[in-house]
Amino acid sequence: MDCYSCEREAGFAGLPPRERIAVDEHWRVAHAVGSALPGWLVLLPRRHVTTIGELTDAEAAALGSWQVRLSRALGAVTGCAKTYVAQFAEAEGFAHVHFHIVPRAVDHPVELRGPRVFGLLGAEQPVPDERMDELALRIGALV
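Computed from a prediction, not measured in an experiment: that's the story for all the values here.

### Examining the state of the cysteines
Logical step 1: Scanning the entire structure with this criterion turns up 0 disulfides.
Logical step 2: Free cysteine: Cys-3, not disulfide-bonded; nearest cysteine sulfur from Cys-6 at 3.6 Å.

### Examining unusual backbone geometry
Logical step 1: For Ala-89, which is not a glycine, the phi torsion comes out positive at approximately 55°.
Logical step 2: On the secondary structure map, Ala-89 appears in the loop between strand E4 (82-86) and strand E5 (99-104).

### Here's the deal with the pairing of E5
On a regular strand, each side chain points to the face opposite its neighbour's, so the side chains alternate between the two faces of the sheet.
Logical step 1: Of all 6 residues making up E5, 6 are buried, and the element is well covered by its neighbours.
Logical step 2: Every second residue of E5 is oriented toward a common face, with Phe-99, Ile-101 and Pro-103 on one face and His-100, Val-102 and Arg-104 on the other, all of them buried.
Logical step 3: With 3 bridges connecting them, strand E3 (residues 41-45) and E5 associate as antiparallel partners. Note on E5: the bridge partner recorded for Leu-41 is Ile-101.

Calculation rules
- Residues numbered from 1 in each chain as written.
- Predicted model: local features only at pLDDT ≥ 70, side-chain atom pairs only at ≥ 80, totals over all residues.
- Heavy atoms only, no water.
- Disulfide = S-S within 2.5 Å.
- Helix = DSSP H or I, 4+ residues; strand = E, 2+ residues; numbered from the N terminus.
- Buried < 20%, exposed > 50% of the residue type's maximum accessible area, 1.4 Å probe, protein only.
- Pairing = 2+ DSSP bridges.

This is the structure we're talking about:
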C-alpha cells in the first residue's frame with residue numbers, strides 16, 4: 001500500500017512525539033510534515049479511509065470533538081487568533097483522509113490567509129523536528 005499515514009500507523013510504537021501528539025481508538029494527531037508553520041496539525045483516522053463518507057459512526061461522532069479540542073489547544077499554545085480546518089486528501093501517497101488543523105496568528109501575512117496557507121507546506125525550511133516535538137508535548141498535554 002502506498003499510504004504515508006498507514007505506514008506511520010504501522011510503526012506507531014516507535015513514532016516520535018510529533019507524530020503521536022494525541023490518540024484514541026479512532027484518531028491520531030500529528031504535526032504536518034514539511035510545514036513552515038509551527039503547530040500545523042493533521043488529524044487522521046487510524047484505519048485506512050479515503051473518503052469522509054467511509055468513516056464509521058463512532059469515528060464521525062468523535063471528529064468534531066477532536067477538531068474543537070485541538071483548536072483550543074492551539075490557541076493556548078500558539079496564541080493563534082483562529083484555526084483553519086481543511087480536508088482534501090488529494091496528494092500522491094496522501095489519499096488517506098486527514099484534516100488539517102492550522103493555527104492562524106493575528107499577524108499572519110494576508111497573502112497566506114485562507115486556502116493560500118497551503119503555500120506554507122512543502123517548505124524549503126520546514127519547522128525543525130525538535131520544535132515540532134516540543135509543540136507536540138505541549139499540545140498533547142491539553143487535549
